[in-house]
Structure formats: C-alpha cells, structure tokens
Amino acid sequence: MDLVNHLSDRLLFAVPKKGRLQQSCLDLLKGSDIQFHRHSRLDIALCINFPIALIFLPAADIPVFVGEGRVDLGITGHDQVRESRTTEVEQILDLGFGKCKLQVQVPEKGDIQDPKDLVGRNIVTSFVSLTREYFEKLEVEAGGEERRGATKIKYVGGSVEAACALGVADGIVDLVESGETMKAAGLKPIATLIETSAVLIKSKHPSHPELIDRICSRIRGVITAQKYVLCTYNIPRSMLTYVVQITPGKRAPTVTQLMDQGAEDWAAVSVMVEKSKIAMVMDQLEEVGATDILVMNLSNSRSS
Ligand SMILES: Nc1ncnc2c1ncn2[C@@H]1O[C@H](COP(=O)(O)OP(=O)(O)OP(=O)(O)O)[C@@H](O)[C@H]1O
Ligand SMILES: O=P(O)(O)OC[C@H]1O[C@H](OP(=O)(O)OP(=O)(O)O)[C@H](O)[C@@H]1O
Ligand SMILES: [Mg+2]
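Residues numbered from 1 in each chain as written. Chains lettered and ligands numbered in written order. Predicted model: local features only at pLDDT ≥ 70, side-chain atom pairs only at ≥ 80, totals over all residues.

You'll find the protein entered in an unreviewed UniProt entry as ATP phosphoribosyltransferase, with Terfezia boudieri ATCC MYA-4762 given as the organism. Taken verbatim from the UniProt record of the protein, the Catalytic activity (unreviewed entry) comment is "1-(5-phospho-beta-D-ribosyl)-ATP + diphosphate = 5-phospho-alpha-D-ribose 1-diphosphate + ATP". As stated in UniProt under Sequence similarities (unreviewed entry), the record for the protein gives "Belongs to the ATP phosphoribosyltransferase family." (UniProt positions renumbered as here; feature names shortened; annotations may be inferred.)

This part takes up the overall build of the protein. A tally of regular secondary structure across the protein gives 11 helices and 15 strands. By the compact-globule yardstick of 19 Å for 304 residues, the protein is too spread out, its C-alpha radius of gyration being 25 Å. In terms of overall dimensions, the protein has C-alpha extents of about 85 × 55 × 30 Å along its principal axes. Within the span of the protein, comprising 304 residues, buried residues form 34% of the whole. Sequence separation of 24 or more characterises 72% of the internal contacts of the protein that already satisfy a separation of 6 or more. (Helix = DSSP H or I, 4+ residues; strand = E, 2+ residues; numbered from the N terminus. Rg over C-alpha atoms; globule rule 2.2 N^0.38 Å. Buried ≥ 20, exposed ≤ 12 C-beta atoms within 10 Å, placed from the backbone. Contact = placed C-beta atoms within 7 Å.)

What follows deals with the nonpolar core. Residues Phe13, Ala14 and Ile55 are the most contacted members of the largest nonpolar core, which totals 36 residues. Put simply, the parts of the chain that give this core at least two residues each are strand E1 (11-16), helix H2 (22-31), strand E3 (52-57), helix H3 (62-67), strand E4 (73-77), strand E11 (198-203) and helix H9 (209-227). Counting residues in hydrophobic clusters, the runner-up holds 19 residues, among them Val119, Val124, Tyr134 and Val173. (Core = buried A, V, L, I, M, F, W, Y, C linked by C-beta atoms within 7 Å.)

With respect to topology, 6 strands assemble into an open sheet ordered E2-E3-E1-E4-E11-E5, the strand pairing being mixed. Looking at the sheet topology across the chains shown, the edges are occupied by strand E2 (44-46) and strand E5 (89-94). Going from strand to strand, the sheet's axes swing by 25 degrees on average, the running direction of each strand aside. Bridge count between E1 and E3: 6 bridges; the pairing is parallel. Bridge pairing in E3 places Phe13 opposite Leu54. Set on the sheet, H9 makes contact with E1, E4, E5 and E11; between it and E5 the angle comes to about 30 degrees. (Pairing = 2+ DSSP bridges. Axes fitted to C-alpha atoms, helices over the stretch in contact; angles between N-to-C directions.)

As a further point, take the sheet that holds strand E14 (residues 266-274). Sheets are built from strands paired through backbone hydrogen bonds, the pairs being either parallel or antiparallel. Taken together, 4 strands build an open sheet; the order of strands is E13-E14-E12-E15 and the sheet is antiparallel. At either end of the open sheet lies a strand with only one pairing partner, and these are strand E13 (254-257) and strand E15 (291-297). Strand-to-strand twist across the sheet, computed as the mean angle between neighbouring axes with direction ignored, equals 20 degrees. With 9 bridges joining them, strand E12 (residues 228-236) and E14 adopt antiparallel strand pairing. Paired with Ile235 across the bridge in E14 is Ala267.

A word on the site of ligand 1. Surrounding ligand 1, one finds 15 residues, the nearest of these being Gly19, Arg20, Ala59, Gly77 and Glu177. Among the residues forming the shell around ligand 1, the class breakdown is 5 nonpolar, 6 polar and 4 charged. Counting contributing residues, the shell around ligand 1 receives three or more from each of domain 1 (3-98 + 197-207) and domain 2 (100-196). (Near = placed C-beta within 6 Å. Nonpolar A, V, L, I, M, F, W, Y, C, P; charged D, E, K, R; others polar. Domains from an automatic or database assignment.)

Quick look at the confidence of the model for the protein now. Residues at a pLDDT of 70 or more form 97% of the protein, whose mean pLDDT is 94. This complex was scored by the predictor with a pTM of 0.91 and an ipTM of 0.98. (pLDDT = per-residue confidence, 0-100.)

Another aspect to go through is the site of ligand 2. Taken together, 15 residues sit near ligand 2, with Gly158, Glu177, Ser178, Glu180 and Thr181 positioned nearest. Residue assignment for the shell around ligand 2 shows that the elements contributing at least two residues are strand E9 (171-176) and helix H8 (180-184). Within the shell around ligand 2, the residues separate by chemical class into 4 nonpolar, 6 polar and 5 charged.

All buried positions along H2 are accounted for by Cys25, Leu28 and Leu29. End-on, the buried residues of H2 take up no more than an arc of 100 degrees, which puts them together on one face. Summarising the geometry of H2, the exposed residues directed more than 90 degrees from the buried face are Gln23 and Lys30. Contacts from the buried residues of H2 go to E1, E4 and H9. Looking one or two residues beyond H2, the residue adopting positive phi is Asp33, at roughly 55 degrees. (Arc of directions from axis to C-beta.)

A word on the domain arrangement of the protein. Domain annotation of the protein identifies domain 1 (3-98 + 197-207), domain 2 (100-196) and domain 3 (228-297). Relative placement of domain 1 and domain 3: their C-alpha centres are 39 Å apart.

And the structure:
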C-alpha cells in the first residue's frame, strides 16, 4: 500500500501508540464513530468513514509533530504539551482522563524535606525542560549557581522511580496518580510542578478546518456524556425554586406537567447532573420532597 499517497488529502490525527492514555483514546474514537483498520506493526491507520489518517505516536512526541504543523490534531497529556515548549499548538479540549500530578519525590527516610535541599544535587526525570525551569527558579532563590553549583538533571525514558534506589539521583520528578508506584519505591512527594490530564490539541495552521470542527464536536459530545447523567424526578410545584438551585442543569432543567389526576400541583423535572455530584444531589432532592428520582447514563450528547 502506498501510504504517502493516501495521506496527502487526509486530516492527520495523532494518538498515543502505547501507555496510560491509549485505551481511553481508542474508546473515545469508538464513541465518536471514527472507524479505522490498523494493520499490525503499522503506526498509520486510514479511517473508513472520514478522510482522516490516525498516526500512532509516543505521547511525548505528539506536541512536537502537531506544533510543527506536520499533524493537524492530536491527543496527549497537558504535561507533554508543556514539556515540549511548543507555542504552536492550541489545547482545545480537556478530555478528563489521564489525570495525575508531576511531583518532586525524594526517599521517604532521607534527609531531604524541601525541594530547595535538592539545589546543586542530582535529579532524574523524563521531564527535563519542566524540571530545569523549576530548579532554575529555586537556584536563584538559593543564591545562584555559585553557592551550590547547578542542579544536575538527567533524562530517563521510564521507571524513573528506580533512580534513587540505584544511587543515580537524590530526587526525581515524575508523574503520580494513585501514589502506589511512589510508595513502592520508598519515595514521598515534596512539591508539585503541574497537574495534568489528557487534552485534544490542534495545530495553529491545520488543514481541513471544517472536518476538525466536526471531530471536535463529536469528541466533546462523548466527553460530556461521560461526565454527566440525566436525572428525572417529581416535585411539588411550590418547591421548584428550591430544586432548581440543587439541579441547575448544564443549561436549565426541563419542567413538565404531571398528567396524573389530582397531580396539578406537581411537576416532572429532567436535568443533567455531573456524575461526581449525583449521590449528594439525590440526597438533597429527597430531603426537599422529590419523589421517583431516576438517574440514567448518557451514551452520547450534543450541546452548544
Ligand atoms: N499513572 C498515570 N495516571 C494517569 N495518567 C498518566 C499516568 N502516567 C502517565 N500518564 C499520562 O500519560 C502520558 C503518557 O505517559 P505514559 O507513561 O503512559 O507514556 P509512555 O511513556 O509513552 O508509555 P510507557 O510508559 O508505557 O512506555 C503522560 O504524559 C501523562 O499525561
Ligand atoms: O501513582 P501511580 O498510580 O502509581 O502512577 C504513577 C506511575 O505511572 C507512570 O508510569 P508508567 O506506568 O507509565 O510506567 P513507566 O515508569 O515505565 O513510564 C508514572 O511514570 C509513574 O511511574
Ligand atoms: Mg510511562
């Protein structure tokens, strides 16, 4: 197959080829009905139902390709965009997965308690630019390089947590989600550089702008559906002003008349609620007299 010819007219969309973001990205493409066939070992997959080619790349390389305008759209971590230093990409959507923190970590039992104690010492990380920027600021505060020497920052591509135990580093800068990896390595966090999650990014000079809008709208719809549930309940009309405060909705609740005989004083409400808040919202609705409270998952959505 002559892939180069096939690519010339297509929107190029980079997604992580491995790692923590990959499965959620594939789920997102599926939810957005972006269909493709990927041949084994091939990092380019042509879409069947759109003039799009998916390019499978390491998450760290995606901002570079998008920033240089070689690729139009991409999904990667916000941390990788910051680390790449590119100013040529636009972060257009927070995708809500891949949430973690980039933290300075040191041996739990060691004498280092403060990131300033690491100035002039050895740090190992996969995030050299962000780490250098962070320690340069600390060096200035600590009285400049002359006093304690420049902090030595070494790059490793993975298993960063092993560096302290191996005697290669006095501290590391790496991602922490549950904290399990950090704990298992006998490390503790002493500072946070940034918080991150997966983002949809766009080149500042993309091809196929209309197709990009269509894809963004589909992805936004899936993300919103994952974030919200639909809640319906019945409530005495006299309580409507209270319950609207409990469930203001994404835009506004839909209020309809109950058709039951003798139920003129009651209304039926249908409203979007953030999934993370639904249990508390149901408690509050019950307290103010709502009945028949139902919660439904959304499989997709569109809203302006
Ligand atoms: N533990 C985690 N929890 C949530 N998100 C994470 C976690 N680790 C990494 N990420 C996110 O995923 C991005 C890619 O990191 P990841 O380590 O998965 O990629 P990789 O190094 O290419 O893959 P691998 O580690 O499998 O070689 C990170 O930049 C960050 O945004
Ligand atoms: O706080 P936790 O939930 O334990 O997650 C944090 C770990 O996840 C990532 O590693 P990854 O699985 O990508 O392995 P790697 O070190 O080989 O990159 C990250 O680099 C941490 O090591
Ligand atoms: Mg990794």
